[in-house]
Amino acid sequence: MAQQEDVFKKLVAHCKEYGFVFPSSEIYDGLGAVYDYGQNGVELKNNIKKYWWDAMVKLNDNVVGIDSSIFMHPTIWKASGHVDAFNDPLIDNKDSKKRYRADVLIEEQLAKYDDKVEKEITKAKKKFGDTFDENKFRETNPNVLREQSKRDALLTRFAKALNDNNLEELRQIILDEGIVCPISGTTNWTEVRQFNLMFTTEMGSTADGAMKIYLRPETAQGIFVNFLNVQKTGRMKVPFGIAQIGKAFRNEIVARQFIFRMREFEQMEMQFFVRPGEEMQWFDYWKSFRLKWHKALGMGDENYQFHDHDKLAHYANAATDIEFRMPFGFKEVEGIHSRTDFDLSQHAKYSGKKIEYFDPELNKSYTPYVIETSIGVDRMFLSILAGAYKEEELEGGETRVVLRLPAVLAPVKLAVLPLIKKDGLPEKAREVMNTMKLEFNCQYDEKDSIGKRYRRQDAIGTPFCVTIDHQTLQDNTVTVRYRDTMEQERVSIDALHTMISKQVTGAELFNKLLQ
RNA sequence: GCGGUAAUAACUCAGUGGUAGAGCGUCAGCUUCCCAAGCUGAAAGUCGCGGGUUCGAAUCCCGUUUACCGCUCCA
């Protein structure tokens, strides 16, 4: 475990050292759980997004893409359940370090008063037997009346505090009632804090006319609210899918583990609309397709696993995660959910619009069911880097650090290197570079020994190094040096383009997906 | 959010009250016909930030920010 954490630390350092990921706002001491992508990181990230987009939109004729805005009408988040589901007032006990929902603590206190009343009644029942009149007892017994009035007073005060969203009052209630932590038994409480999942901002240029709106916490809702637009204008027939890549924002209570859990992150989501009753077969279809997509990259099949959810979200009737073996254990990279008709029905209800699909085969209208595939770009990025990062022992006791990135994702596809910096080799190298750069992201390097340059390229995961030597000037051939094996092959410059193109474009991977 | 630990050059770290250092990397040059070779030279640090103690603080104290670990929370 210690060794794994060590690898993770080195990976984070490597990300910074080689321009993949920088802490945000670093020269101002940073900003918590926000990161920037550097010159190599942005290339890798863009390649991941393209691999996903092409696999979903290009390969599946019944999947189309959209790009909806980050700002959306605030009612959308009412409908989706985000406004109500993630607004709990929380309080910590300083002695036990346990966290509780403040409203639950108070509700438990209310229940205690109820218990006391019930006990009095049970006692009295035994005492009076058949002649017992419960209603009269409730109205007259001093003990019951006392507990009951305490309870009513508490309920009134509690309801008002909740209604006013008065967090100080909630804390004061807990103190006044002498509510103790069940573990430490103390009343040493922190302030009550509200944890909002969503970021808010204001739309409107004048303060008084401004409307409070949210930064979207998921891209999915942008798809649901455009369901009718896309279905009608694209003449889409169920089953069909809508894909989207975009930023989302969440105030995580604990944001940790580098770019694994960030406050600003990017999602690649597809919502696939199906006939009610057919959702499980499509759930299985996408489960299998998505796993193939991951495995096609060749990072090792044993590094992936499904993790089925036991506890389902309020909208789902089946859910599974695709997990990747990170240095800190198997972690969720992608979620596949059967979301039922929850979202479309909610939006129909809140918007007052009819959101249904007329199915000509069945000759009836229905609200489609939804299968969602949702993958975090940043998590994918981290899993690829974690799987690719290797410190290798070479013969002679040397080590090298290499990123064994899938060629299709590598930020730089090839480096063009004159073997030495004279005899016209740099000029020839520039010539080769100028034709290759039309198609591939290339790097030219003539500084330092050839070995050093190879290692520099290894460190950023460049799959091919093309070296121009004296023979090149004679017969127009170059050596291609492969990152993973460090072996070299002599090829003619004319053949270079085809050879590299075959390995860095997605076509071969996509063939695997369609089999 | 609580507790613990940490923060010194792009990276990894040494320096524990008295002149800010090393390795690696970077840059310039020489050398070099294929795997971090060698030689010469150079640049690069608000010692995380703010306050305090002291003749004097990277070093001691307080606060704060950021990160890591544990707990907690989590569609």
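Cut-offs used in this document
Residues numbered from 1 in each chain as written. Chains lettered and ligands numbered in written order. Predicted model: local features only at pLDDT ≥ 70, side-chain atom pairs only at ≥ 80, totals over all residues. Heavy atoms only, no water. Core = buried A, V, L, I, M, F, W, Y, C linked by side-chain atoms within 4.5 Å. Buried < 20%, exposed > 50% of the residue type's maximum accessible area, 1.4 Å probe, protein only. Helix = DSSP H or I, 4+ residues; strand = E, 2+ residues; numbered from the N terminus. Contact = heavy atoms within 4.5 Å. Near = heavy atom within 4 Å. Polar contact = N/O pair within 3.5 Å; in protein donor to acceptor, adjacent residues only side chain to side chain. Nonpolar A, V, L, I, M, F, W, Y, C, P; charged D, E, K, R; others polar. Expected span 1.5 Å × (residues − 1). Patch = residues over 30% accessible without salt bridge, like charges linked within 9 Å, V, L, I, M, F, W, Y side chains within 5 Å. Areas by Shrake-Rupley, 256 points an atom, 1.4 Å probe, with all protein chains shown as cover. Salt bridge = Lys/Arg side-chain N within 4 Å of Asp/Glu carboxyl O. Lys, Arg positive; Asp, Glu negative; His and termini not counted. Charge placed at Lys NZ, Arg CZ, Asp CG, Glu CD. Phe/Tyr/Trp six-rings, centres within 6.5 Å; stacked < 30°, edge-to-face > 60°. Lys NZ or Arg CZ within 6 Å of the ring centre and 35° of its normal.

**Quick look at the nonpolar core**
At step 1: One finds W52, W286, W293, L297 and L382 to be the most contacted residues of the largest nonpolar core, which totals 65 residues.
At step 2: Examining the composition of this core, we find that eight residues originate from one element, helix α13 (residues 377–388), more than from any other.
At step 3: Excluding its chain neighbours within four sequence positions, the residues that come into contact with W286 are M56, N60, V63, M270, F272, I336, I371 and T373.

**Notes on the protein's contact with RNA strand B**
At step 1: The full set close to RNA strand B counts 45 residues, and K16, R250, E398, M486 and Q488 are the nearest of them.
At step 2: Restricting attention to atoms of RNA strand B within 4 Å of the protein, one finds that 50% of them are sugar or phosphate atoms.
At step 3: Y454 is positioned with one of its side-chain polar atoms (N or O) 2.7 Å from a base oxygen of RNA strand B.
At step 4: Secondary-structure elements contributing two or more residues to the surface near RNA strand B are α1 (2–17), α15 (450–460) and β22 (477–482).
At step 5: In terms of residue count, α15 provides more of the surface near RNA strand B than any other element does, six residues in total.
At step 6: Here the surface near RNA strand B is composed, by residue class, of 14 nonpolar, 10 polar and 21 charged.

**With respect to α13**
Given 3.6 residues per helical turn, the α-helix brings residues three or four places apart onto the same face.
At step 1: Along its 12 residues, α13 runs 16 Å from first to last C-alpha, staying within 8% of the 16 Å computed at 1.5 Å per residue.
At step 2: Within α13, 12 of the 12 residues are buried, which leaves the element mostly enclosed by the surrounding structure.
At step 3: Taken as a whole, α13 has its buried residues at V377, D378, R379, M380, F381, L382, S383, I384, L385, A386, G387 and A388.

**Considering α15**
At step 1: For α15, every residue scored as buried is listed here: R453, Y454, Q457, D458, A459 and I460.
At step 2: Where α15 ends, the next residue or the one after it, G461, has phi of about 85°, a positive value.

**Focus: a positive patch on the surface**
At step 1: A cluster of like positive charges, contributed by K112, K116, K119 and K150, occupies part of the molecular surface.
At step 2: Per-element tally for the positive patch: the top contributor is helix α5 (residues 102–128), with three residues.
At step 3: As for its placement among the helices and strands, K119 is situated in helix α5.

**Considerations on the packing of aromatic side chains**
At step 1: Taken as a whole and judged by the stated rule, the model has 21 aromatic pairs.
At step 2: A centroid spacing of 5.2 Å and a plane angle of 75° characterise the contact between Y35 and F258, whose relative ring orientation is edge-to-face. Placement of Y35 in strand β2 (residues 35–37) and of F258 in the loop between β9 (240–249) and β10 (264–274) is noted, with a sequence separation of 223 residues between them.
At step 3: Residue classification places Y35 among the partly exposed residues on the basis of a relative accessible area of 24%.
At step 4: The exposure class assigned to F258 is buried, which follows from its relative accessible area of 10%.
At step 5: Centroid distance F272 to W282: 4.9 Å. Interplanar angle 50°. Geometry classified as tilted. Remark: W282 occurs in helix α11 (residues 279–295) and F272 occurs in strand β10; sequence separation between them is 10 residues.
At step 6: We classify F272 as buried; its relative accessible area is 1%.
At step 7: Among the residues examined, W282 registers a relative accessible area of 17% and is labelled buried.
At step 8: Through a chain of ring-to-ring contacts, three or more aromatic side chains come together here, namely F272, W282, Y285, W286 and F289.
At step 9: R290 extends its terminal NZ or CZ atom over the ring of W293, reaching a point 4.2 Å from the ring centre.

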